[in-house]
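# Secondary and tertiary structure notes
Now for the letters of each chain:
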Amino acid sequence: NGIHIMKKLRTVNEFRGEISGENTVDFCDGTFEFTGTTDLEKGTPVKVRVPFDAVELTDDEEDGTIGGNVTQTLYKGSYYQVQVYSDTDEDFYTDTPDEWDMGDRVGIKIDPAKITFEKIEEEDEDERSSVNISPFLTRRSAWCSSSCRS
């Protein structure tokens, strides 16, 4: 009874991208290969999903498709969960056995077999322009509006 189990808020990296070729998708200023085929045309907007275990960090930024800076490292018992802030202001999360230091400049590679995507429909385009406020900010705003009055 005394154990509190917290569910993961995020289990996969998600990015907005675009089909750029027969087996490539562009996102976060990089062109990434994927395995399999698609009937989507070049230029089609897609939602790209990358599992944490598909992201590989490299010591040399040039060895990765894109670069970023390590912003958080959390030891999970048998592995580290590392957050990397890319040059395009996107967060990548990865599960890795390697320890990384805050501020490390790294290259980011992605396993082509684990990249998945789906076409962004017109309705999804409209959602992108709407404001998405997290529940924390909503609660905080409500708290401040009642508690922080001048």
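Throughout what follows, the structure given in this document is the object of discussion.

## Details of the nonpolar core
Of all hydrophobic cores here, the largest spans 24 residues; its most connected members are Val25, Phe27, Val50 and Phe92. Among the secondary structure elements, those contributing two or more residues to this core are strand E1 (12-21), strand E2 (24-27), strand E4 (45-51), strand E5 (55-58), strand E6 (66-75), strand E7 (80-86) and strand E9 (105-110). If we ignore the near neighbours within four places in the chain, the residues touching valine 25 are Glu18, Ile19, Ser20, Gly30, Thr31, Phe32, Phe34, Val46, Val48 and Ile115.

## Examining the sheet that holds E4
Strand order in the open sheet made by the five strands is E3-E2-E1-E4-E10, with antiparallel pairing throughout. Looking at strand neighbours, the two that pair on one side only are strand E3 (30-33) and strand E10 (116-119), the edges of this open sheet. For this sheet, the mean inter-axis angle between neighbouring strands, taken without regard to orientation, is 40 degrees.

## Quick notes on the packing of aromatic side chains
Here the structure, examined in full by the defined rule, presents six aromatic pairs. With 5.3 Å between their ring centres and 20 degrees between their planes, phenylalanine 15 and phenylalanine 27 make a pair best called stacked. Note that phenylalanine 15 is positioned in strand E1 and phenylalanine 27 in strand E2, a separation of 12 residues in sequence. Here phenylalanine 15 and phenylalanine 27 have matching classes, each one buried. Taking the centre distance of 4.8 Å and the plane angle of 70 degrees together, the rings of phenylalanine 34 and phenylalanine 117 count as edge-to-face. Residue phenylalanine 34 is found in the loop between E3 and E4, and its partner phenylalanine 117 is found in strand E10; the two are separated by 83 residues along the sequence. Residue classification places phenylalanine 117 among the partly exposed positions, given a relative accessible area of 22%. Joined through ring pairs, the aromatic side chains of Phe15, Phe27, Phe32 and Phe92 make up one cluster.

## Looking at the sheet that holds E5
If you walk across this open sheet you meet the five strands as E5-E9-E6-E7-E8, and the pairing is antiparallel. Only two strands of the sheet have a single neighbouring strand rather than two, namely E5 and strand E8 (91-96). Strand-to-strand twist in this sheet, taken as the mean axis angle between neighbours without regard to direction, amounts to 45 degrees. Examined bridge by bridge, E6 and E9 share four bridges and lie antiparallel to one another. Following the sheet pairing, asparagine 69 is matched in E9 by arginine 105.

## Notes on the pairing of E8
Judged from the six bridges that link them, E7 and E8 form a sheet pairing that is antiparallel. Its bridge partner lying in E8, glutamine 81 is registered against aspartate 95. Between the end of E7 and the start of E8, which pair antiparallel, lie four residues, with aspartate 89 showing a positive phi angle near 65 degrees.

Scoring rules and cut-offs
- Residues numbered from 1 in each chain as written.
- Predicted model: local features only at pLDDT ≥ 70, side-chain atom pairs only at ≥ 80, totals over all residues.
- Heavy atoms only, no water.
- Core = buried A, V, L, I, M, F, W, Y, C linked by side-chain atoms within 4.5 Å.
- Buried < 20%, exposed > 50% of the residue type's maximum accessible area, 1.4 Å probe, protein only.
- Helix = DSSP H or I, 4+ residues; strand = E, 2+ residues; numbered from the N terminus.
- Contact = heavy atoms within 4.5 Å.
- Pairing = 2+ DSSP bridges.
- Axes fitted to C-alpha atoms, helices over the stretch in contact; angles between N-to-C directions.
- Phe/Tyr/Trp six-rings, centres within 6.5 Å; stacked < 30°, edge-to-face > 60°.

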